[in-house]
Amino acid sequence: KLALPGVFEAGQKLGTATTTVEPTSVAIKAGGTAELSIDPAMAAKLQSLFVAVNPIAPAEHPGAFTFPIGGGTLALGPGIPASGLKTNGALELIQIGGGQVFARELEFDLSDSVANGESQLVLAGAAPGPTQGGALLGLGAAAPSTEPAARTIAVAGLPLTLEPATAQAFNEAFARPLGRPDSFAAGETIGQVSFTAQAE
């Protein structure tokens, strides 16, 4: 209309665009470890009941209990569906002359504030019980810190509490054989977990 032929050409640069991405959940790469430390009060209670806590490979116990991170998906906000941070290995809690409780393949779901996994209860003098899946531990409020350049998500000192089924299993395996029923209660602190996860 202005009689200016050739002002616009195919492929001509119009400008630049910048996008800031804030994902609600991220996929996690396998690698690194999650560390679980037992709360001192819980450690004293277990010791008073003659209960030892042992790692089962590939979990280790160099200081805190460490579990290799096996992948998963982490939510970066409350109420966002995600599978959770998957770990490999297990914990064995065993009482001399008493029972055993196994907690395997813990998966820390920050969205639902639970640690899911597989558990097995073995009572003294009885055959091993069935392996059951579900929520084993409750998680406190998480405040993940992110490092976009390194693509990492870190959580430090996340409180872990006993879920009702886990507290019941502890009582059946460790407290009742010694005549101390209901020594463990749902919501009781068992320890803390910390990890730095690498996003894909």
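Parameters and conventions
- For every chain, the first residue of its written sequence is number 1, and the numbers climb from 1 along that sequence.
- Under the rules for a predicted model, residues below a pLDDT of 70 receive no local features and side-chain atom pairs below 80 are neither given nor counted, while totals for whole chains, interfaces and linings still include all residues.
- The basis for every side-chain value is the complete set of heavy atoms in the structure, and neither hydrogens nor water enter the calculation.
- By the criteria applied, helices consist of DSSP H or I runs no shorter than four residues and strands consist of E runs no shorter than two, each listed in order from the N terminus.
- Note on classification: 1.4 Å probe, protein chains only; a residue is buried when its accessible area is under 20% of the maximum for its type, exposed when over 50%, partly exposed between these limits.
- Think of it this way: DSSP has to see at least two bridges between two strands before they count as a pair.
- To define a nonpolar core, start from buried Ala, Val, Leu, Ile, Met, Phe, Trp, Tyr and Cys residues and group those joined through side-chain atoms within 4.5 Å.
- Should any heavy atoms of two residues lie within 4.5 Å, those residues are considered in contact.
- The working definition used for a salt bridge is a side-chain nitrogen of Lys or Arg within 4 Å of a carboxyl oxygen of Asp or Glu.

Caption draft 1: Local environment of unusual backbone geometry. Here the residue pair A57 and P58 is connected by a cis peptide bond, since its omega of 10 degrees sits within 30 degrees of zero. Secondary-structure assignment places P58 in the loop between β3 (51-56) and β4 (65-75). Although it is not a glycine, F50 adopts a positive phi angle of roughly 60 degrees. Tracing the backbone through its elements, the reader meets F50 in the loop between α1 (40-48) and β3. Residue classification places F50 among the exposed residues on the basis of a relative accessible area of 53%. A positive phi is found at S113, a non-glycine position, where the angle reads about 60 degrees. Secondary-structure assignment places S113 in the loop between β7 (100-109) and β8 (114-122).

Caption draft 2: Region of interest: the pairing of strand β2 (residues 33-38). Two strands pair when backbone bridges link them, and β2 and β4 are joined in this way by four bridges, in the antiparallel orientation. Each bridged residue has a counterpart across the sheet, and for L36 the counterpart in β4 is F65.

Caption draft 3: Focus on the nonpolar core. In this structure, F174 and F184 are the most contacted members of the largest nonpolar core, which totals 42 residues. Look past the residues within four positions of F184 in its chain and what remains in contact with it is M42, K45, L46, L49, L162, A167, F170, N171 and F174.

Caption draft 4: The arrangement of the pattern of salt bridges in detail. Counted according to the given criterion, the structure contains two salt bridges. K45 is the salt-bridge partner of E188, the closest N and O atoms lying 2.5 Å from each other. A residue pair is termed long-range when its members are at least 10 positions apart, and E188 in the loop between α2 (164-175) and β12 (189-198) and K45 in helix α1 qualify at 143 residues. Exposure remark for K45: the relative accessible area of 24% places this residue in the partly exposed category. Put simply, D182 and R176 hold a salt bridge, and the shortest N to O gap is 3.8 Å. You can call D182 exposed: its relative accessible area is 58%.

Caption draft 5: Expanded view of the environment of Q12. Structurally, Q12 is set in the segment before β1 (25-28). On the basis of relative accessibility, which here comes to 41%, the residue Q12 falls in the partly exposed class. Measuring from C-alpha to C-alpha, the distance between Q12 and T66 comes to 56 Å, with 54 residues separating the pair along the chain.

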